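Examination of the molecular architecture
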Amino acid sequence: MTTVDDPNKMIFESSEPMDPLSESEDAQAKNRAKVGSARPSSLLYTYGVGSIMDLPQFSIMPAGLDDWEPIWRRRETIPFIEEPRLLKVVQLHLGPRVQQLRPFPWQPKARAMSQEGSDLGIPARVFPQWLRCTGCDYLGPLSRFSYTNTHPFRPDLATFEHLSCPGRGLNKGKAPGTKGKTRRSPAVPARYLLACVNGHLDEFPYALWAHRGKPCPAAPQPDLKLIDSNIGQGAGAVIVCERCKQRRGMSEAQGASGKRKLPDCRGRHPHLNAFDSSCGQPTTLMMMGASNLWFASTQSIIVMPRSAEQDKIALATRMRTLLTEEELADYAGVPKILRSLLKAHKCDLTDVSDEELTAAAAEALAPPPSEEDRKEKLRQWDPVELLVPEWDYLQKPTLFAQQQDASGLMVTETATSPDLPKQIHRVIAVNRMKKINAVLGFTRIDEMDRVNDLAARLVKLTRDGRPTWVPATEDRGEGIFLQLDENKVADWETQIVNTSLWKAHKQAHRHNFARRFSATAANIDPDTRFPEPRYWLIHTLSHILIREMAMSCGYGAASLSERLYAWHATPDRPAAAGLLICTTASDSEGTLGGLVALSQPERLRRLVADALHRAARCSSDPVCGQRTPRHGEDFLHGAACHCCSFASETSCERANRFLDRRFLLTLPTIDDERVPGFFGAVDGY
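Anyway, here's the lowdown on the structure attached to this text.

This part takes up helix H9 (residues 354-365). When the terminal C-alpha atoms of H9 are compared, their 17 Å separation across 12 residues agrees well with the 16 Å that a helix rising 1.5 Å per residue should span. Every buried residue of H9 is listed here: Leu-357, Ala-360, Ala-361 and Ala-364. The arc that holds every buried residue of H9, seen down its axis, measures 105°, which confines them to one face. On its buried face, H9 sits against helix H6 (308-322), helix H7 (325-331) and helix H8 (335-344).

All right, on to the pattern of salt bridges then. A complete count under the given rule lists 38 salt bridges for this structure. One salt bridge connects Asp-67 with Arg-463, and the closest N-O pair in it is separated by 3.5 Å. A residue pair is termed long-range when its members are at least 10 positions apart, and Asp-67 in the loop between strand E2 (59-62) and helix H2 (69-72) and Arg-463 in the loop between helix H12 (454-457) and strand E22 (469-484) qualify at 396 residues. A salt bridge links Glu-474 to Arg-476, with the nearest nitrogen and oxygen atoms 4.0 Å apart. Overlapping salt bridges, with partners in common, bring together Asp-66, Asp-67, Arg-125 and Arg-463 in one network.

So, on to the packing of helix H13 (residues 486-496) against helix H15 (residues 533-549). At their nearest, the axes of H13 and H15 sit 9 Å apart, and the two run at 115° to each other. In this structure, H13 meets H15 at a crossing whose hand is right-handed. Residue-level inspection shows Glu-486, Val-489, Ala-490, Trp-492, Glu-493 and Ile-496 of H13 in contact with H15, the latter providing Pro-533, Arg-534 and Leu-537. Across the contact of H13 with H15, the residue classes break down as 6 nonpolar, no polar and 3 charged.

For the coordinates displayed, the defined rule picks out 26 aromatic pairs. Geometrically, the ring pair formed by Trp-502 and Trp-536 is edge-to-face, given 5.9 Å between the ring centres and 75° between the ring planes. Of this pair, Trp-502 sits in helix H14 (residues 500-516) while Trp-536 sits in helix H15; the two residues are 34 residues apart in sequence, bridging distant segments of the chain. Trp-536 shares its class with Trp-502; the two are buried. Seen from their ring centres, Phe-678 and Phe-679 are 5.1 Å apart, and the 85° between their planes marks the pair as edge-to-face. Comparing Phe-678 with Phe-679 shows no difference in burial state: the two are buried. An aromatic cluster of three or more residues is present, and its members are Trp-492, Trp-502, Phe-530, Trp-536, Phe-658, Phe-663, Phe-678 and Phe-679. Its end group placed over the ring of Trp-209, Arg-248 keeps NZ or CZ at 3.7 Å from the ring centre.

Here is what the cut-offs are and how they apply
- Residues numbered from 1 in each chain as written.
- Predicted model: local features only at pLDDT ≥ 70, side-chain atom pairs only at ≥ 80, totals over all residues.
- Heavy atoms only, no water.
- Helix = DSSP H or I, 4+ residues; strand = E, 2+ residues; numbered from the N terminus.
- Expected span 1.5 Å × (residues − 1).
- Buried < 20%, exposed > 50% of the residue type's maximum accessible area, 1.4 Å probe, protein only.
- Arc of directions from axis to C-beta.
- Contact = heavy atoms within 4.5 Å.
- Salt bridge = Lys/Arg side-chain N within 4 Å of Asp/Glu carboxyl O.
- Axes fitted to C-alpha atoms, helices over the stretch in contact; angles between N-to-C directions.
- Left-handed = near helix turned anticlockwise from the far one by under 90°.
- Nonpolar A, V, L, I, M, F, W, Y, C, P; charged D, E, K, R; others polar.
- Phe/Tyr/Trp six-rings, centres within 6.5 Å; stacked < 30°, edge-to-face > 60°.
- Lys NZ or Arg CZ within 6 Å of the ring centre and 35° of its normal.

Here is the structure:
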């Protein structure tokens, strides 16, 4: 390690292997034992590439996509998910080299003890790689601990141990009850890390910290201890050097003054086992398990019937994947040979004509857009573009019973009860649906909607930053779509925009934007990020319906998710005011129909009435019902709380922001101004 003279600032670089237990293709000793398992949905949103996943005995970090390639090469063919509409968005963000959406490497087992798929899995690295002995508080890197992972069916037994642990206090020496055997104490991850706004993550430099940026005068690599009497209560630990007895509390690294004492970022990406050439951003003390350690960046679509243009793009993508550039160039105008080559790769061309085949070949050979054009399109891209085809499809004049097509989408336009609120214009039962989710990358410290320079802030998934594929999941499920009357929504909005409540929410958003926006983002107008009143209305309605539906549909509230269609008309798209509440599962059969059954006219009428009735009162009223941001407050919700409107993070697309029951219902107020609720007054209000 190297140091500088300034005691309040340090520079560090590791001379030890970054990952002593990593698996390399050239290594003679392989460590492929299973250490844990996770569902595809959690690998997408919670424990994806670059995150930290807690196992029973230690923590791991899923590796970058470069390390997935050896896993895929264990199969003759690599499966992929074909969805040109989503692939186009991924290419817009990550570049034209991305040609595939791949599922996670997994294979179902015929029986409980079968070995199918045992050689497949997500490669991961141990991280953090500094551990603390639970028996004596010894703090050291992985190489100083013994690793055991021998039982093929008990990944929970995989552990790091401190051999010959001396113990502490009255337990020093031999382990009690072991007849003279030395103690073997389990080790746990040291929970302090350093992160920067560019998405780098690194170990905390414990030795330099204890010695205030200087080397230990007694030993080049001294033994350290991490003594913590308040486990789990912030940075209350003390780092002690056993050789020179210097000590320093971790509390000094907290706050603005502590941040000035931390080293600048050296650009480490543990998931890639690599460093960026330069970074130099200030670092922030981060705790393992912190909510801002990893934010997923994903895009999802509901699969809709394809247009002829999308079919051509999908076939062109398959050609680029299955055929070489030479084969494409030589036989682009010879459909008979093209057909033979593709059939050899088991590509179904039953309904593809020769003209369509040659058109797709020409598309496959077309040069990609320039990098400047791609970046310009990305700057102008709006995520609403993914929702517009779904909204347009659901606007068909008649969606007859059990309408199904090749996309796997089955919808039924449902009659509505005469007693259903007239503000709800249409009800559509989504009997079957398929949702595809793709990974773009991730960020640290700042959430995605806090970042303006999104493309630059996304942490790369491969070492060269140019992936040829990204992980994706294919989920099947069901849902209910409700469409509000556009005329009534527009009339209601004209009343809301001039109220003091709306102006207070707008001002609070400006304060929030100024205080919490990414430090690396460009200056932009915060009002462009502020949702219009119809979004608040539909978002709040979605939440109270999710809470009500969970009581009778057979699925927990955390299993239900929202998809909101709320925007004003533009030259490119019509206005939208609706919501889809759905549940999906990653298995092949999807879900069981409990949610779509609620679309029956009388059941839906009761459900909506009960949801509005419960929303009229909150156990936290009048505090909740009259909550309005004032005097520089920057919270992004009004009359909404955990008792009445908040939903789990798996259900809400905006982290429980932009909610207010006063936009749904006319509630009592202590102010002179009475905010008109979209559904009017309930229970005599």
